[in-house]
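# Report on the structure
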Amino acid sequence: MWVSSSSSPLLILFLISFAVSVTSVSVRRGAPLDETPTYLWPLPAEYTAGNQALGVDPALKLIVAGNGGGSAVIRAGFERYRGIVFQHTGLELGFSFMRKLRERLVSAVSAYDVDTLKITVHSDNEELQLGVDESYTLLVPKAKDSSQVTIEANTVYGALRGLETFSQLCSFDYTTKTVKIYKAPWSIQDKPRFAYRGLLLDTSRHYLPTTVIKQIIESMSYAKLNVLHWHIIDEESFPLEVPTYPNLWKGSYTKWERYTVEDAYEIVNFAKMRGINVMAEVDVPGHAESWGAGYPDLWPSPSCREPLDVSKNFTFDVISGILTDMRKIFPFELFHLGGDEVNTDCWSRTSHIKEWLQNHNMTTRDAYQYFVLKAQEIAVSKNWSPVNWEETFNTFPSKLHPKTIVHNWLGPGVCPKAVAKGFRCIYSNQGVWYLDHLDVPWNEVYTAEPLEGIHTASEQELVIGGEVCMWAETVDTSDVQQTIWPRAAAAAERLWSQRDSAPPNITVTAQLRFKNFRCLLNKRGVAAAPVTNYYARRAPVGPGSCYEQ
């Protein structure tokens, strides 16, 4: 702190007294645990806790070690979480001079139980792909044993998951105006149950600004979700810039509702810094009417606009051009090719396509298979593993590329059939994991089981995970966050935490943690809706605590 020579001695005395008094409330090292519970979401794989409450220094220092300790991902993550943990202490509000004065006055006495966070990352490989090691160990010591919390991980992405857990252990005490860790000492060994833990975001039915997409990505990291399935385009609009075919984004709603190549790069890089992959989707051959706004030749006819024209080489040239451009943006090894809800009536009613079908001795069903497989070939040639909605598997399972990942959505029982034939599967049963279904309560989301009906270990391993889907017919910037949250977090724990860790009576046990996590989201600026409303995203029914709604 700087005080001028003309400052009042009384002012100086007051400031010193105030700084000492602020310090004195946190000197009680290892205070007994008070009644404040500590909740973690999603639940770690293994953990033990104690009965102490530790004070955490708002000037928390970072020490890094290991081959990957110096990563910018780690340092940026530490700064983000430090801002979250200490948002009430004044550190971020321009009062750092008080902290500095206090440090000078009590330099001979350690005022806090925890003053250092050490993060050790063993690998310097920052490639983010499916199955990256996200495990970590988090140790919070007993009072007086050490003033250092440690996070150890094999990758920077495991360290990020450890930082999230550390931030949830930290709680602001409004009485002492300090950050506390309750139930110390902690020993946490954690890893995800599934490699793929996703959220689908639809930006075709309603355009979402990049700032909103980044807010959603940020909130995903709080629940340890790790894949944003970006359903960028659909029949309603084509908002993405494709340099090879620049007229495609004429299919956007307006010229102000578009994503540039630079926007897409920024979203992918923003997500990577939070350990989140972005899987893009180009849904073909159905759901593609918007393509013809820029290139009408892609329509079977001006009056019959989808599926895309299967008879023209130009159709597949455009698909190849889109995927070539998108491969420069999206490094994730999975790419979604859609393939759902294909109504082939346009093909059978359009004369030149009918003639093409006859010349190739194809039915419209055969043409559907031909189109999907040709799109898969294009994707595989660009070193992608194709993901397709389950209709492709239901219709011609033996013809799909062996790398295909079957994406379940219509109902239960698909993943067991897919893995039995050697395919990988993503679980998104619409009855429980479609967030646009507003009458599905959080506990039904929570109890859904991706491995239902799959009993052998070899087949269970082929279920790479699951995702909740936020289709956007009735969501835009005004309500998307409260429709996603908190129900997406219920699926997030199912995908992260071991099944046997789920308590038998969730309304008594998990619901307490779930309500707490919803309030944590609110505190972090996420517009998560009340937990107990019958319909999702409804406003609170009346006055009351966040923790009771």
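Going by an unreviewed UniProt entry, the protein carries the name Beta-hexosaminidase and comes from Phaseolus vulgaris. Per UniProt, the protein has the following entry under Sequence similarities (unreviewed entry): "Belongs to the glycosyl hydrolase 20 family." The UniProt entry for the protein carries this comment under Catalytic activity (unreviewed entry): "Hydrolysis of terminal non-reducing N-acetyl-D-hexosamine residues in N-acetyl-beta-D-hexosaminides."

What follows covers the sheet that holds strand β14 (residues 385-389). Strand order in the open sheet formed by eight strands is β12-β11-β10-β17-β16-β15-β14-β13, and the pairing between neighbours is parallel. With one partner strand each, in any of the chains shown, β12 (277-280) and β13 (334-336) form the two edges of the open sheet. Recorded for the sheet is a direction-independent mean angle of 30° between the axes of neighbouring strands. Direction of pairing for strand β15 (residues 405-407) relative to strand β16 (residues 424-427): parallel, over a ladder of three bridges. Following the sheet pairing, Ile405 is matched in β16 by Arg424. The strands touched by helix α5 (residues 210-222) within the sheet are β10 (196-202) and β11 (227-231), with β11 carrying the most contacts at an inclination of about 150°.

Looking now at the state of the cysteines. In this structure the tally under the stated criterion is three disulfides. Here Cys304 pairs with Cys346 through a disulfide, and the sulfurs are 1.8 Å apart. Here the S-S torsion is close to -115°, and the disulfide linking Cys304 with Cys346 is therefore left-handed. Of this pair, Cys304 sits in the loop between β12 and α7 (313-327) while Cys346 sits in helix α8 (residues 345-349), and the two are 42 residues apart along the sequence. The exposure class assigned to Cys346 is buried, which follows from its relative accessible area of 7%. One disulfide bridge connects Cys415 with Cys425, the sulfur atoms lying 2.1 Å from each other. A torsion of -75° about the S-S bond marks the disulfide between Cys415 and Cys425 as left-handed. With Cys415 in helix α12 (residues 414-420) and Cys425 in strand β16, the pair connects residues that are 10 residues apart, well separated along the chain.

Now for the pattern of salt bridges. Going through the model one piece at a time under the given rule, you end up with 19 salt bridges. With a shortest N-O distance of 3.8 Å, Glu473 and Arg205 are connected by a salt bridge. One end of the pair, Glu473, is in the loop between β17 (463-470) and α16 (480-484); the other, Arg205, is in the loop between β10 and α5, with 268 residues separating them in the sequence. A relative accessible area of 44% places Glu473 in the partly exposed class. Relative accessible area serves as the criterion here: at 11%, Arg205 is assigned to the buried category. The shortest N-O distance in the salt bridge between Asp309 and Lys312 comes to 3.7 Å. The class for Asp309 is buried, based on a relative accessible area of 0%. For Lys312, a relative accessible area of 24% translates into the label partly exposed. Through salt bridges with shared partners, a single ionic network connects Asp202, Arg205, Asp234, Glu236 and Glu473.

It is worth spelling out the UniProt feature "active site" (unreviewed entry) in the protein at this point. UniProt records the feature "active site" (unreviewed entry) at Glu341, using the numbering of this structure. Its place among the elements puts Glu341 in the loop between β13 and α8. Among the polar contacts made by the side chain of Glu341, one reaches the side chain of His287 at a distance of 2.9 Å.

Cut-offs applied
- Residues numbered from 1 in each chain as written.
- Predicted model: local features only at pLDDT ≥ 70, side-chain atom pairs only at ≥ 80, totals over all residues.
- Heavy atoms only, no water.
- UniProt positions renumbered as here; feature names shortened; annotations may be inferred.
- Pairing = 2+ DSSP bridges.
- Helix = DSSP H or I, 4+ residues; strand = E, 2+ residues; numbered from the N terminus.
- Axes fitted to C-alpha atoms, helices over the stretch in contact; angles between N-to-C directions.
- Contact = heavy atoms within 4.5 Å.
- Disulfide = S-S within 2.5 Å.
- Buried < 20%, exposed > 50% of the residue type's maximum accessible area, 1.4 Å probe, protein only.
- Salt bridge = Lys/Arg side-chain N within 4 Å of Asp/Glu carboxyl O.
- Polar contact = N/O pair within 3.5 Å; in protein donor to acceptor, adjacent residues only side chain to side chain.

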